[in-house]
Amino acid sequence: MTLDQWLIIGILLATVVMFLLGRWRHDMVALAALLACVIAGLVDGTAAFNGFGHPAVITVACVLILSQGLQNSGAVDALTRVALPANAGITVSISALIGLGALLSGFMNNVGAMALLMPVAVHVSQRLELTAGQVLMPLAFGTILGGMTTLVGTPPNIIVSGFREEAGLGSFGMFDFTPIGLAVAAAGVVFIALIGWRWVPARKQSGVEGFESGAYITEVRVEDDSKADGLSLHEIESELKDVDAQIIGIVQREVKIIAANPGRRVHAGDILMLEAEADALKDVLSILGLKLEESVEDEEDTDADEQAQNDEDDREESKQGEIALFELVVQPSSRLVGQSAKDILLRTRYGINLLAFSREGKRSMKRLRAINFQSGDLLLMQGPPEAIAEFAADNGCVPLAQRELRIPSNAKIWQASSIMLGAIAIAALGWLPAAVSFSLGVLASMALGTVSLRKVYEAVDWPVIVLLGALIPVAGAMESTGTAALIATFLVDSVAQGNAIIGLLAILLVTMFLSDLMNNAATAAVMCPIAISISSVLDVNPDSFLMAVAIGASCAFLTPIGHQNNTLILGPGGFRFGDYWKLGLPVQVLVVAVSMPLLLVVWPL
């Protein structure tokens, strides 16, 4: 062995140990490994950061942004309502939930899919009288499995494709991963839904309830194309039976009617007064096609006309930026005490709206704009974050939480979905490289506003990007120093003993083992050079070994640290470190049993 080989092996071993200890974040460890390679002369200092321009890194970042656009638009919420049965039993409900999670993960970031479906999983667990963890862990595993089905489903697939291209073999296509990935995902979903969920420890969850602010009183307007148009109040309440909301009044022709006859018909232009949890508002709006009533739309204060004219340009500019929803609490010393929304001219002065109101769980029968505020009231405000912050500071209110309430927009749903599908189609047809195709999609998302300019960079998981950008040159050093070939020769001679099938199985198992202990993207970056070198030593098809790396890197089911989705459910599911293997080990055995024969058939040696 040469000095350079000893150095790169030492750096790699130290990197793996640091990953396992977990004292430093993954991106810090990766950056330290890169800098160590530069200092040791293994990576040229002028090319140290070339990894950040690697197509795999660009593609991962773009997929994260496009996934954020799907989340913001409400497209996933709409699909969830259609795909998930409302009153099914345990097996059907869990099957539908994790099947949907796997489907979404094939075309958007699987961490984003998991985050979107977590509240749904908690709701399903409550309806089925299960602990939250008994639904969350199957969902987490389902989303991980679903990521294996396409090029963009998970970062390891993109990394593997990038290494194939660097080896002079061209990149993998969008659906080259589908034959094996779909079979493995389907087998895993069926197993978990029928049997596996029963093996999840029933732990008491922590942190599921989150921030509770009680029910709000809000007003929604019936639009011309609303599903509620022409329905009776009783029929509307039937539509909302699975949503935590109820009708407490109706405004027709400016006449407020409390406790109206259930048979009264609702027509376009009517205003419904609802009592609902803040998190249930998006469901109410989507199910019935309603629109939140802006509480101060008919301000008639003549003294405000001049101010409104002066601020018109500022308000128009703010409309083009980010619109957020914040919960504010009225302090005892607030200027709002004793005043109503109409009195303070919210829209004229601040360009914001009061969407809903809550007071110690008590119900008010007044119109939203006519309610006089009291100390301790909770207000759900809509508008630019800066304007809401200014309003809170001026009027003695304290922000409690920013609500991730996605107000559905059919136009945005179609735009975000079309952009994602268009980017996938362009890459799949080979018209443009994946990195360029998805970059084009990001540009379209920014232009159409499916992802706001403020949020576009927040959508990127920067620690993952830094990890990938830093480890790609390290992996290159493994190849340039001959270390990857050295490790490959050792595995072939000592483990596989010249048998290509045993060598393929060894690569799959080693990758799965490492993925359970360190970041899956880092695992793929480390194992790809070794896989290519083993295939070269055995003189067999390198695609079989690269696909084994892709599958193994996506199978982190034994620990909460191997994949971000496992980490996400650790607290809400009340899990311990040792709880994951009880379902994770059978799933990994199933993955090996299904994937090995398919690897030999689909990607023959």
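Just so it is clear, the structure is predicted and the values come from calculations on it, not from any experiment.

I keep staring at the overall build of the protein and nothing clicks. Help me out?
Within the protein one finds 25 helices and nine strands. When burial is assessed residue by residue, the protein has 54% of its 605 residues classed as buried. Here the analysis covers contacts within the protein between residues at least 6 apart in sequence; of these, 79% occur between residues at least 24 apart. With an accessible surface of roughly 25300 Å², the protein has 59% of that area assigned to carbon and sulfur atoms.

Mind showing me how you'd approach helix α17 (residues 410–428) here?
Every α-helix winds through 3.6 residues per turn, so residues three or four apart in the chain are directed the same way. In this model, α17 (19 residues) spans 26 Å end to end at C-alpha, consistent with the 27 Å of a helix rising 1.5 Å per residue. Looking at α17, one finds that the buried residues are Ile413, Ala416, Ile419, Met420, Ala423, Ile424 and Ala427. End-on, the buried residues of α17 take up no more than an arc of 140 degrees, which puts them together on one face. Seen from the buried face of α17, the exposed residues on the opposite side, beyond 90 degrees, are Asn410, Trp414 and Leu421. Count one or two residues on from α17 and you reach Gly430, which has phi positive near 80 degrees.

What should I look at first to understand the nonpolar core in this one?
A general feature of soluble globular proteins is that nonpolar side chains tend to end up buried together. Membership of the largest hydrophobic core comes to 138 residues, with the highest contact counts inside it found for Phe141, Phe438, Ile507 and Ile534. Of the residues forming this core, the biggest block, twelve residues, is contributed by helix α22 (residues 520–538). For Ile534, the residues in contact, after removing those within four places along its chain, are Ala488, Leu491, Val492, Ile507 and Phe545.

How should I be thinking about the packing of helix α8 (residues 155–166) against α22 in this particular structure?
How two helices pack is summed up by the angle between their axes together with the distance between the axes. For the pair α8 and α22, interaxial distance at closest approach is 9 Å and the crossing angle is 30 degrees. Judged by the angle between their axes, α8 and α22 are roughly parallel. The hand of the α8/α22 crossing is right-handed. Between α8, through Pro155, Pro156, Ile159, Val160 and Phe163, and α22, the contact on the second element is made entirely by Asn520, Ala521, Ala524, Ala525, Cys528, Pro529 and Ile532. Class assignment of the residues belonging to the contact of α8 with α22 gives a composition of eleven nonpolar, one polar and no charged.

Quick question: what am I supposed to make of the packing of aromatic side chains here?
Enumeration according to the criterion identifies five aromatic pairs in this entry. Seen in terms of ring centroids, Phe172 and Trp603 are 5.6 Å apart; in terms of plane orientation they differ by 75 degrees. Their pairing is edge-to-face. Here Phe172 is found in the loop between α8 and α9 (178–194), whereas its partner Trp603 is found in the segment after α25 (581–602), with 431 residues between them in sequence. The same class applies to Phe172 as to Trp603, namely buried. In textbook terms, an aromatic cluster arises when at least three aromatic residues are bridged by ring pairs, as seen for Phe172, Phe177 and Trp603. The ring of Phe172 has Arg164 sitting right over it, with the charged end atom 4.6 Å from the ring centre.

Please explain the side chain of Ser125 as it appears in this structure.
In this structure, Ser125 sits in helix α6 (residues 110–127). Setting aside its immediate chain neighbours within four residues, Ser125 contacts Leu130, Thr131, Ala132 and Val135.

Would you mind showing me how to read the pattern of salt bridges here?
Think of it this way: side chains of opposite charge can pair up when their charged atoms draw near. Inspection of the entire model under this criterion finds three salt bridges. A salt bridge links Arg164 to Asp543; the shortest N-O distance between them is 2.6 Å. With Arg164 in helix α8 and Asp543 in helix α23 (residues 542–553), this residue pair connects regions lying 379 residues apart in the sequence. Residue Arg164 is classed as buried on the basis of its relative accessible area, which comes to 13%. In this structure Asp543 comes out as buried when scored by relative accessible area, which is 7%. Close ionic contact of Lys582 with Asp579 constitutes a salt bridge, the shortest N to O distance being 3.9 Å.

Please clarify how the pairing of strand β7 (residues 353–358) should be interpreted in this entry.
Every regular strand shows the same layout, with side chains that alternate between the two sheet faces. Most of β7 sits inside the fold, with six of its six residues counted as buried. Two strands pair when backbone bridges link them, and β7 and strand β8 (residues 378–383) are joined in this way by five bridges, in the antiparallel orientation. Across the sheet, Ser358 pairs through a bridge with Leu378, a residue of β8.

I keep staring at the packing of helix α5 (residues 90–105) against α6 and nothing clicks. Help me out?
Contact geometry for α5 and α6: axes closest at 9 Å, N-to-C directions at 170 degrees. Relative to α6, the element α5 is oriented roughly antiparallel. Between α5 and α6, the contacting residues are Ser93, Leu97, Leu100, Gly101, Leu104 and Ser105 on the first element and Asn110, Ala113, Leu117, Val120, Ala121, Val124 and Arg127 on the second. Counted by class, the contact of α5 with α6 contains eight nonpolar, four polar and one charged residues.

Is there a simple way to think about α6 in this case?
Between the first and last C-alpha of α6 there are 25 Å, a value that for 18 residues agrees with the 26 Å anticipated at 1.5 Å per step. A bend of about 40 degrees at Leu117 is the largest found in α6, and the proline Pro119 appears one to four places after it. When we look at burial in α6, the residues that qualify are Asn110, Val111, Gly112, Ala113, Met114, Leu116, Leu117, Met118, Ala121, Val122, Val124 and Ser125. The positive-phi residue at the C-terminal boundary of α6 is Glu129, with phi of around 60 degrees.

The rules behind each value
Residues numbered from 1 in each chain as written. Predicted model: local features only at pLDDT ≥ 70, side-chain atom pairs only at ≥ 80, totals over all residues. Heavy atoms only, no water. Helix = DSSP H or I, 4+ residues; strand = E, 2+ residues; numbered from the N terminus. Buried < 20%, exposed > 50% of the residue type's maximum accessible area, 1.4 Å probe, protein only. Contact = heavy atoms within 4.5 Å. Areas by Shrake-Rupley, 256 points an atom, 1.4 Å probe, with all protein chains shown as cover. Expected span 1.5 Å × (residues − 1). Arc of directions from axis to C-beta. Core = buried A, V, L, I, M, F, W, Y, C linked by side-chain atoms within 4.5 Å. Axes fitted to C-alpha atoms, helices over the stretch in contact; angles between N-to-C directions. Parallel < 35°, antiparallel > 145°, perpendicular 65-115°, else oblique. Left-handed = near helix turned anticlockwise from the far one by under 90°. Nonpolar A, V, L, I, M, F, W, Y, C, P; charged D, E, K, R; others polar. Phe/Tyr/Trp six-rings, centres within 6.5 Å; stacked < 30°, edge-to-face > 60°. Lys NZ or Arg CZ within 6 Å of the ring centre and 35° of its normal. Salt bridge = Lys/Arg side-chain N within 4 Å of Asp/Glu carboxyl O. Pairing = 2+ DSSP bridges. Bend = angle between axes of the 7 residues up to and from the residue.

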